[in-house]
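The lines below spell out each chain.
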Amino acid sequence: MRRPEEEEEEEEEEEEEEERSSPGWRRIPINDNADLLAEILGRLDGRSLAVAGCVCRLWSALGRREAVWEAVCYRQVAVAGASAASGGTRSVVAALGGYRRLYRLCIGPALDRLAGVRRRQGPAASAARHVSLSLALSLFSIDCYERLGGGGGRQQQQQQQQPRPTSLLFLGQPVDVS
Amino acid sequence: MKREHPGSGVLGGGDWYGGAVEGEGQEKGKAMMGVGAEDEDVDELLAALGYKVRSSDMADVAQKLEQAEMAMGNGIAASDDALLSHLAADTVHYNPSDISTWVDNILSELNAPPPPLPPPPPPPRFDDSSSLDRQNRLLELPLVTRRAPAEVYDPKPAPAPPAARATGRFAFGSDSQLDVAPSPRDSKRIKFCSSPPSSSSSTTDAATSAASPLPVVVVDPQEAGIRLVHALLACAEAVQQENLKASDTLVKQISVLAASQGGAMRKVAGYFAEALARRIYRRLPRGGAGSSFDSVAFDDMLHMHFYESCPYLKFAHFTANQAILEAFAGCRRVHVIDFGMRQGLQWPALLQALALRPGGPPSFRLTGIGPPQPDNSDALQEVGWKLAQLAETIRVDFHYRGFVATSLADLEPYMLLGQDTDDRVGADDVDEPEAVAVNSVLELHQLLARPGSLEKVLRTVRAVRPRIVTVVEQEANHNAGTFQERFTEALHYYSTMFDSLEGGAAAAAAADSAGGRDLTMSEVYLGRQICNVVAHEGADRTERHETLAQWRGRMTSAGFESAPIGSNAFKQASMLLALFAGGDGYRVEEREGCLTLGWHTRPLIAASAWRVAAG
C-alpha cells in the first residue's frame with residue numbers, strides 16, 4: 001500500500017504548483033512536522049506502517065515510535081471495557097517488549113489468520129471473529145516469558161543460549177522486520 | 001478415511017470411524033454402486049460392501065446362511081473336506097454379490113450330494129484361530145474384479161461383544177459369518193481348483209484350499225479401515241477373555257491392516273496395537289508411564305510440544321486463568337497453588353492480566369508442585385525464577401515457592417498455607433487474608449489409581465479454604481467397566497484427538513520443521529497415554545480419565561459446589577480457537593457452567609471451576 005506516501009508526495013507537489021498559481025494556499029511540508037506525520041501514520045494498518053518505515057530516515061524513525069504503534073494496535077483490536085490506553089497498560093506493554101513487537105508477534109499474525117478464515121468462510125462467517133487486546137497481551141506475555149531463559153539456575157546443563165520461544169508458532173511465522 | 005461430516009452427530013466426531021454407521025453407509029453405498037432406481041430397496045450397508053440384498057429378503061437370506069453354515073458344519077468328518085473342495089472346485093457360482101441366489105446355490109449343492117463334511121466351523125466368536133487364519137488368508141487373496149473380500153454382515157443381531165454394541169456400531173462382532181461365506185466364494189473367484197485341502201489338523205480348515213497365497217493385495221483402504229477397527233475391537237475382546245493365541249494373531253493382523261491406512265488412523269492403530277502387544281506379552285515399561293525418573297524431563301518436553309501443537313492446553317490455561325481472575329477481583333493479596341507446575345506456562349498470562357486489571361496488581365504468591373527430578377536440577381526453582389523475572393518487569397509483587405511431591409496426596413494443608421508473613425512488609429498486609437486459588441490441569445485423574453488419594457487431596461484443598469478451584473480434565477471415561485469397554489472408549493477418544501491434530505497440522509503444514517516436530521512429539525505424548533490406558537493395570541495405570549459428570553459427582557460429594565465459568569472465558573476461548581489454523585473443527589461448548597473443547601461433535605477436554613460449598 002503505497003498510497004499514503006504517494007498521496008503525501010502528490011499533495012506536496014500539488015501544493016507547490018498551487019502555491020505558484022494561487023498565493024492563498026499555505027505550504028505544509030509534512031516532513032517538517034513530525035508529530036503531525038506521526039499522527040497520520042498512526043492511522044495506517046500494520047503492514048502499511050511497516051512499509052512506510054522504508055521511505056526515508058525520518059519516516060523510519062517515526063515508524064518505530066511506540067506511540068504510533070500503540071495507535072495502530074488499538075485501532076486493530078477490540079478493547080473490552082473502559083480503560084483503553086491507560087498508563088498502566090502502556091508500562092506493562094513496554095515492559096513486555098513494546099507495542100511494535102506486540103503487533104509483529106501477536107496482533108499482526110492473528111489478524112492475518114482471521115482474514116484468511118474470513119476469506120475461506122465468507123464474510124458472513126460465524127460470530128464476530130476479532131482479536132481482543134487481552135488475548136493478544138496474554139499470548140505476548142507467554143512469548144516474553146519463553147524468551148527469558150534459564151534465569152538463576154542451571155550451570156551444568158546449558159541448553160541453547162537463547163531458548164527459541166515457540167508458543168506463538170501456531171500463529172504462523174512472523175516476518176522479522178526489526 | 002477422513003470425512004468432513006460435522007453434521008454426523010451420531011458419530012461423536014471420529015470421522016474415519018463412522019464407516020459402519022447407517023448415514024455413512026448410505027452415502028458410501030450410493031457412491032460406490034452408482035445406484036440406480038432399481039436398487040432402491042437394496043440394503044444399504046451391504047450395498048456399500050458390494051452385496052445386493054433386498055431389504056425385504058434380509059430375513060430370508062439370513063436364514064439360508066444359517067442353514068448353509070449348519071450344513072457345512074454338521075458333520076463329522078474326519079479329515080475329509082471333500083464337500084468344501086467340491087464347492088470350491090466343481091461348482092459354479094454366479095454373481096456372488098447377489099447373496100440370496102448364491103446362498104441358494106450353495107444350499108442346493110450342500111443338500112444334493114451328502115459327502116462327509118468337514119469339521120464344524122468355529123462358533124461365532126473370535127477365539128478360534130482357524131477363523132483368524134482365514135482372515136489372514138483373505139488378506140492375501142488378490143482381488144479380481146471387486147474390492148476386498150468383505151465380510152458378510154450378519155443381518156440379525158449377532159452375539160456381538162457388548163461394548164461394541166453399546167457404542168452403537170452394529171457392524172462389529174459379526175465375523176461369525178466369515179467362516180461360511182468367503183472361503184468357497186473366494187476360491188471360486190480365483191478358480192483355485194487345484195489340490196484338495198490339506199487337512200492335517202482339525203484347525204486347518206477349508207480356507208487352505210484356497211491357500212497358495214499370492215502376494216497381495218489391493219485392498220480398498222476404506223474396507224481395510226473397517227476391518228482394522230474390527231480387528232482392534234476383536235483383539236481387545238480376545239485379551240479380555242485371555243485368549244492369547246487369538247489376540248496374538250489379531251495383533252499381527254492389525255499391524256498389517258494399519259499399514260494400508262494413512263494419516264491419523266494409521267498412527268492411532270499403531271499406538272493401540274503397540275499397547276495391546278505390550279499387554280499381551282507383558283513387556284511393560286518400567287513403572288507406570290512417566291513414573292520412572294529418567295522420563296520426567298522427557299515428559300515435560302512432550303508436554304511442551306503438545307502445548308504448542310494444539311489448543312487444548314492453551315484453552316485449559318486461559319479458561320482457568322479467567323476464572324481465577326474473576327474470583328480474585330478486588331483482593332489485594334492472592335495465592336495460587338498449582339498442582340502441576342511443569343514449565344509454568346499458565347502463569348505469565350495471569351500475571352499480565354493481574355497487572356492490567358483496574359485497580360492495579362495485587363500481591364501475588366505462587367506455590368508450584370511438581371514431581372521429583374532425577375538429577376539434582378531443581379526445575380521448580382528455575383521456573384519460579386523465570387516467573388519472578390517476568391513479574392519484576394511488569395511490576396507485580398511476586399513470591400514463589402516450589403514443592404516437590406511424588407504424589408499430590410503427600411501434601412498437607414499446613415505446607416500450603418503457612419508462611420503468610422515471611423516476606424511481607426507492613427502490618428496492613430497482615431490484616432487482609434489471602435485469597436487462595438487451587439489450579440489442577442490434567443492432574444487429578446492420576447490420583448484415582450490409588451484408592452483414597454483423591455479424597456485426601458480434596459480434603460486438603462478444602463482445608464486451605466480456596467476461593468476457587470479450577471479443574472481441567474480429559475473428557476472421557478477410561479476408568480470404569482471392563483477392559484473392553486475401556487478400550488473401545490479410548491479408541492474413540494484418541495482417534496478423535498489424532499484427527500484434530502491432523503486437522504490442525506494439515507492447515508498449518510507449511511512444512512514448518514518445528515511444526516512437524518511438534519506434531520510428532522504430540523503424537524508420542526498421546527501414545528504414552530494410550531499405552532498407559534491399555535497396557536497397565538492397578539496402581540500403574542495413572543491415566544484414569546473420567547467424564548465431567550463423574551468429576552462433578554466427585555467434587556460435590558467432597559463438599560464443593562460448581563462456580564459457573566463466565567461468558568468472558570467463553571468468548572476468549574472462541575477467539576483463541578479462531579486463531580488456530582484448522583480451527584474450523586474445534587468446538588467450544590458450555591455445559592452447566594463448565595466449558596468443553598472438542599473436535600467437531602466430540603468434547604475432548606473439560607474445564608470447570610468449583611468453590612467450597614457453604615455450610
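A quick note: this is a predicted structure, and the numbers were derived from the prediction, not measured.

Novice: Which parts of the structure should I look at to understand the overall build of chain A?
Specialist: Along its length, chain A carries 8 helices and 0 strands. Counting the 178 residues in chain A, one finds 39% classified as buried. If you take every contact in chain A between residues at least 6 apart in sequence, the share linking residues at least 24 apart comes to 64%.

Novice: Sorry, what's going on with the overall build of chain B here?
Specialist: When helices and strands are counted, chain B shows 22 helices and 9 strands. In chain B, which comprises 615 residues, the share counted as buried stands at 57%. Of the contacts made within chain B by residues no fewer than 6 positions apart, 78% connect residues no fewer than 24 positions apart. About 24,000 Å² of surface is accessible on chain B, with carbon and sulfur atoms providing 55% of the total.

Novice: For this particular structure, what's the right way to read the pairing of strand 4 (residues 435-441) of chain B?
Specialist: For a regular strand, side-chain orientation follows a simple rule: the groups alternate between the two sheet faces. All names here are of chain B. For strand 4, the tally of buried residues reaches 7 of 7 residues, placing the bulk of the element in the interior. Every second residue of strand 4 is oriented toward a common face, with Ala435, Ala437, Asn439 and Val441 on one face and Val436, Val438 and Ser440 on the other, all of them buried. Where strand 4 lies against strand 5 (residues 468-474), 5 bridges are found, and the strand directions are parallel. Note on strand 5: the bridge partner recorded for Asn439 is Thr470.

Novice: How should the pattern of salt bridges be read in this particular structure?
Specialist: Any two side chains of opposite charge can pair, given that their charged atoms come close. All names here are of chain B. All told, the structure shown has 21 salt bridges over all chains when counted by the stated rule. Close ionic contact of Arg486 with Glu537 constitutes a salt bridge, the shortest N to O distance being 2.7 Å. Separated by 51 residues along the polypeptide, Arg486 in helix 19 (residues 483-507) and Glu537 in the loop between helix 20 (513-535) and helix 21 (548-557) bring together distant segments of the chain. Judged by its relative accessible area of 3%, Arg486 is buried. What makes Glu537 partly exposed here is its relative accessible area of 38%. Residue Arg541 is joined to Glu537 by a salt bridge in which the shortest nitrogen-to-oxygen separation is 3.6 Å. For Arg541, a relative accessible area of 5% corresponds to the buried category.

Novice: Any chance you could explain unusual backbone geometry here in plain terms?
Specialist: Apart from glycine, the bulk of residues carry a negative phi angle, and the bulk of peptide bonds sit in the trans form. Residue and element names in this part refer to chain B. Even without glycine at this site, Arg465 takes up a positive phi of about 50°. Mapped onto the secondary structure, Arg465 falls in the loop between helix 18 (453-463) and strand 5. Assessed through its relative accessible area of 58%, Arg465 is described here as exposed. Positive phi, close to 50°, is recorded for Glu592, a residue that is not glycine. With respect to the helices, strands and loops of the structure, Glu592 is situated in the loop between strand 7 (586-591) and strand 8 (594-599). With a relative accessible area of 58%, Glu592 lands in the exposed category.

Novice: Help me understand the packing of helix 8 (residues 133-147) of chain A against helix 14 (residues 347-356) of chain B in this model?
Specialist: Angle between the axes and distance between the axes: these two values describe a pair of packed helices. Direction vectors running N to C along helix 8 of chain A and helix 14 of chain B enclose 125°, while the axes themselves pass 8 Å from each other. For the element pair helix 8 of chain A / helix 14 of chain B, the angle class is oblique. Relative to helix 14 of chain B, helix 8 of chain A is oriented so that their crossing is right-handed. Residue-level contacts link A:Ser134, A:Leu137, A:Ser138, A:Ser141, A:Ile142 and A:Tyr145 of helix 8 of chain A to B:Pro348, B:Ala349, B:Gln352 and B:Leu356 of helix 14 of chain B. Classifying every residue of the contact of helix 8 of chain A with helix 14 of chain B by side-chain character gives 6 nonpolar, 4 polar and no charged.

Novice: Please explain the packing of aromatic side chains as it appears in this structure.
Specialist: Describing an aromatic ring pair means giving the distance of the ring centres and the angle of the ring planes. Taken as a whole and judged by the stated rule, the model has 13 aromatic pairs over all chains. Centroid distance B:Phe306 to B:Tyr312: 6.4 Å. Interplanar angle 15°. Geometry classified as stacked. The exposure class of B:Phe306 is buried, given its relative accessible area of 3%. Between B:Tyr312 and B:Tyr586, the ring centres sit 5.8 Å apart and the planes meet at 80°, which makes this aromatic pair edge-to-face. In this pair, B:Tyr312 is assigned in helix 13 (residues 312-327) and B:Tyr586 in strand 7, connecting sequence segments 274 residues apart. With respect to class, B:Tyr312 is no different from B:Tyr586; both count as buried. Here the basic side chain of B:Arg279 rests over the ring of B:Phe483, its NZ or CZ set 4.1 Å away from the ring centre. Between the NZ or CZ atom of B:Lys386 and the centre of the ring of A:Tyr145, over which it lies, the distance is 4.7 Å.

Novice: Please explain a nonpolar patch on the surface as it appears in this structure.
Specialist: Residues and elements named next belong to chain A. Among the surface-exposed residues, Ile28, Leu36 and Ile40 lie close enough to one another that they form a single nonpolar patch of about 220 Å² accessible area. Structurally, the position occupied by Ile28 is in the loop between helix 1 (3-21) and helix 2 (34-41). Looking at Ile28, the relative accessible area reads 43%, which means it is partly exposed.

Novice: Help me out: how do you make sense of the pairing of strand 8 of chain B in this one?
Specialist: Residue and element names in this part refer to chain B. Of all the 6 residues making up strand 8, 6 are buried; the element is thus mostly covered by neighbouring parts of the structure. Summarising the sheet, strand 7 and strand 8 pair through 6 bridges and their orientation is antiparallel. Across the sheet, residue Glu590 finds its bridge partner in strand 8, namely Leu595. Sheet analysis places strand 8 next to strand 9 (residues 602-612), joined by 5 bridges and oriented antiparallel. Note that in strand 9 the partner of Trp599 across the bridge is Arg602. Where strand 8 folds back onto strand 9 in an antiparallel hairpin, the turn is made up of 2 residues, including His600, whose phi is positive at roughly 55°.

Novice: Is there a simple way to think about the packing of helix 8 of chain A against helix 22 (residues 567-579) of chain B in this case?
Specialist: Contact geometry of helix 8 of chain A with helix 22 of chain B gives a least axis separation of 10 Å together with a crossing angle of 60°. Of the two possible hands of crossing, helix 8 of chain A and helix 22 of chain B adopt the one that is right-handed. Here helix 8 of chain A contributes A:Ser134, A:Leu135 and A:Leu139 to the contact with helix 22 of chain B, which in turn contributes B:Gln572, B:Met575, B:Leu576 and B:Leu579. Each residue belonging to the contact of helix 8 of chain A with helix 22 of chain B can be placed in one class, and the counts come to 5 nonpolar, 2 polar and no charged.

Novice: I keep staring at the nonpolar core and nothing clicks. Help me out?
Specialist: Grouped together as the largest cluster of nonpolar side chains are 141 residues, with contacts concentrated most on A:Leu102, B:Phe272, B:Leu276, B:Tyr312, B:Phe364 and B:Phe487. Beyond its immediate sequence surroundings of up to four residues, B:Phe272 is in contact with B:Leu232, B:Phe487, B:Ala490, B:Leu491, B:Tyr494, B:Ile530 and B:Val534. In terms of nonpolar packing, the next biggest core, distinct from the first, is built from 26 residues, B:Ala409, B:Leu447, B:Val457 and B:Trp610 among them.

Novice: Help me understand the confidence of the model for chain B, please; the structure alone is not making it clear to me.
Specialist: Low pLDDT marks stretches whose predicted atomic positions should not be read closely. Residues and elements named next belong to chain B. Summing up the model confidence of chain B, the mean pLDDT is 72 and the portion of residues at 70 or higher is 60%. Per-element confidence in chain B is highest for strand 5, whose mean pLDDT is 95, and lowest for helix 7 (residues 162-166), whose mean pLDDT is 36. Between residues 1-39, whose pLDDT stays under 50, and residues either more than four places distant or in other chains, the model counts 83 contacts. Note that residues 113-212 has pLDDT below 50 and, in this model, 204 contacts with residues that lie over four places away or in other chains. If you check the scores for this complex, the pTM reads 0.67 and the ipTM reads 0.73.

Novice: Can you walk me through the confidence of the model for chain A in this structure?
Specialist: The predicted model of chain A has a mean per-residue pLDDT of 72, with 59% of residues at 70 or higher. Counting contacts from residues 173-178 of chain A, a segment whose pLDDT is below 50, to residues more than four positions away or on other chains yields 11 contacts.

Novice: Quick question: what am I supposed to make of the environment of B:Leu458 here?
Specialist: Residues and elements named next belong to chain B. By the element assignment, Leu458 lies in helix 18. Considering only alpha carbons, one finds Leu458 and Gly559, 101 residues apart in sequence, at a separation of 8.7 Å. Among residues more than four places away in sequence, those in contact with Leu458 are Arg554, Met555, Ala558 and Phe560.

Novice: Would you mind showing me how to read the state of the cysteines here?
Specialist: Where two cysteines share a covalent bond between their sulfur atoms, that bond is called a disulfide. All names here are of chain A. Summed over the entire model, instances satisfying the criterion amount to 0 disulfides over all chains. Free of any disulfide, Cys73 has its nearest cysteine sulfur in Cys106, 9.4 Å distant. According to the relative accessible area criterion, Cys73 is buried, its value standing at 1%.

Rules used throughout
- Residues numbered from 1 in each chain as written.
- Chains lettered and ligands numbered in written order.
- Predicted model: local features only at pLDDT ≥ 70, side-chain atom pairs only at ≥ 80, totals over all residues.
- Heavy atoms only, no water.
- Helix = DSSP H or I, 4+ residues; strand = E, 2+ residues; numbered from the N terminus.
- Buried < 20%, exposed > 50% of the residue type's maximum accessible area, 1.4 Å probe, protein only.
- Contact = heavy atoms within 4.5 Å.
- Areas by Shrake-Rupley, 256 points an atom, 1.4 Å probe, with all protein chains shown as cover.
- Pairing = 2+ DSSP bridges.
- Salt bridge = Lys/Arg side-chain N within 4 Å of Asp/Glu carboxyl O.
- Axes fitted to C-alpha atoms, helices over the stretch in contact; angles between N-to-C directions.
- Parallel < 35°, antiparallel > 145°, perpendicular 65-115°, else oblique.
- Left-handed = near helix turned anticlockwise from the far one by under 90°.
- Nonpolar A, V, L, I, M, F, W, Y, C, P; charged D, E, K, R; others polar.
- Phe/Tyr/Trp six-rings, centres within 6.5 Å; stacked < 30°, edge-to-face > 60°.
- Lys NZ or Arg CZ within 6 Å of the ring centre and 35° of its normal.
- Patch = residues over 30% accessible without salt bridge, like charges linked within 9 Å, V, L, I, M, F, W, Y side chains within 5 Å.
- Core = buried A, V, L, I, M, F, W, Y, C linked by side-chain atoms within 4.5 Å.
- pLDDT = per-residue confidence, 0-100.
- Disulfide = S-S within 2.5 Å.

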